[in-house]
Amino acid sequence: MTSSKGMLVVVSGPAGVGKGTLCRALFAQWSGLEYSVSVTTRKPRPGETEGKEYYFRTPEEFFKMIEKNEFLEWAEFCGNYYGTPKFHVEKILQENKTILLEIDIQGAKQVKKQYPEGVFIFIVPPSYEALAERLRGRGTEPEDVIRQRLDKAIQELKNISDYDYVIENDEIQTAVEKLKSIIIAEQCSVKRKSLFFKEGP
Ligand code: 5GP
């Protein structure tokens, strides 16, 4: 017989590769895991709601949370702050469930130091052009911010060797299936199980 241990999954990669879309599509199709809602100082985009995509906070509130050591990790990204609240992650892991964090590369590095046994998945764009098109197509950021995000993305692609898996986000449904398959395979991995066999009669 076996019993599971909690599992932490980090989905990371340059901004604009569609990590958010990919994770949302996964959660819409599968309830096999929990999502870690981040805190951010960025303003909500149209359609985003408090507590669903993010907890939206002022910089002052965010810095207070840092002082109180409430983040598992946090990072500054293009002028805004983003952080993963520690409490929820720890609770889910204690319940032996799987939790997914969709965070940037700096944050993923911090998480890896604390949870080296986590599953680290890197999302890459099919091409530079596709990434540029995605960032522009969003239509929510001015051109200088888009340029800044593109430059950063090129630098960030060099971090791939720190990860366990890579998924090219070309066709969304294919990418969702790959992500789900990786998580299921890891949930079944012997190294993540406590094995206890009863002696014979
Ligand atoms: P966006 O502003 O487009 O929602 O997110 C910008 C970047 O911040 C994305 O790369 C996203 O993955 C990352 N991000 C979102 N939440 C967190 C978090 O809690 N911590 C870190 N380090 N990055 C985050």
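Throughout this document, residue positions are counted from 1 along each chain, in the order its sequence is written. The model is predicted, so local features are restricted to residues of pLDDT at least 70 and side-chain atom pairs to those at 80 or more, both for listing and for counting; the totals for chains, interfaces and linings are taken over all residues. Water and hydrogen atoms play no part in the side-chain values, which are based on all heavy atoms of the structure.

Chemist: Help me understand the packing of helix α1 (residues 19-29) against helix α7 (residues 172-187) in this model?
Modeler: A pair of packed helices is captured by two measures, namely the crossing angle of their axes and the spacing between those axes. Throughout, an axis means a line fitted to C-alpha atoms (over the contacting stretch in the case of helices), and angles, computed between N-to-C directions, take values from 0 to 180 degrees. By the criteria applied, helices consist of DSSP H or I runs no shorter than four residues and strands consist of E runs no shorter than two, each listed in order from the N terminus. Orientation of α1 relative to α7, taken along the N-to-C sense of each, is 70°, at an axis distance of 9 Å. In terms of orientation, α1 and α7 fall into the roughly perpendicular class. Between α1 and α7 the crossing geometry is right-handed. Taken together, the residues of α7 that come into contact with α1 (itself represented by T21, L22, A25, L26 and Q29) are I172, Q173, A175, V176, L179, K180 and I183. Gly is placed with the polar residues, together with every amino acid not listed as nonpolar (Ala, Val, Leu, Ile, Met, Phe, Trp, Tyr, Cys and Pro) or charged (Asp, Glu, Lys and Arg). Its residues assigned to classes, the contact of α1 with α7 shows eight nonpolar, three polar and one charged. Here roughly perpendicular refers to angles of 65 to 115 degrees, roughly parallel to angles under 35, roughly antiparallel to angles over 145, and oblique to all remaining angles. What makes a crossing left-handed is the near helix being turned counterclockwise from the far one by less than a right angle; a clockwise turn instead makes it right-handed. Contacts: residue pairs with any heavy atoms within 4.5 Å of one another.

Chemist: Sorry, what's going on with the side chain of T84 here?
Modeler: Locating T84 in the fold gives a position in strand β7 (residues 80-85). Residue exposure (1.4 Å probe, protein chains only): buried if accessible area is under 20% of the type maximum, exposed if over 50%, otherwise partly exposed. For T84, a relative accessible area of 0% gives the class buried. Pairs of N or O atoms are called polar contacts if they sit within 3.5 Å, as long as, within protein, a hydrogen donor faces a hydrogen acceptor (for residues adjacent in sequence, only side-chain-to-side-chain pairs). Polar side-chain contacts of T84 include one of 2.5 Å to the side chain of E73. Filtering out sequence-adjacent residues up to four positions away, T84 remains in contact with S36, S38, E70, F71, L72, E73, V89, L101 and I103.

Chemist: For this particular structure, what's the right way to read the site of the ligand?
Modeler: Nearness is judged by heavy atoms alone; a residue qualifies as near a molecule or strand once a single heavy atom is within 4 Å of it. The local shell around the ligand holds 18 residues, among which S38, R42, Y54, Y82 and E102 are the closest. At a separation of 2.5 Å, an oxygen atom of the ligand approaches a polar side-chain atom of Y82. Residue E102 places a side-chain N or O atom 2.5 Å away from an oxygen atom belonging to the ligand. Relative to its unbound accessible surface of 510 Å², the ligand loses 96% to contact with the protein. When contributions to the shell around the ligand are tallied by element, the ones reaching two or more residues are β6 (71-77) and β7. Here the residues of the shell around the ligand sort into six nonpolar, four polar and eight charged. We get accessible surface area from the Shrake-Rupley algorithm with a probe of 1.4 Å; when it comes to residues, only the shown protein chains can shield them.

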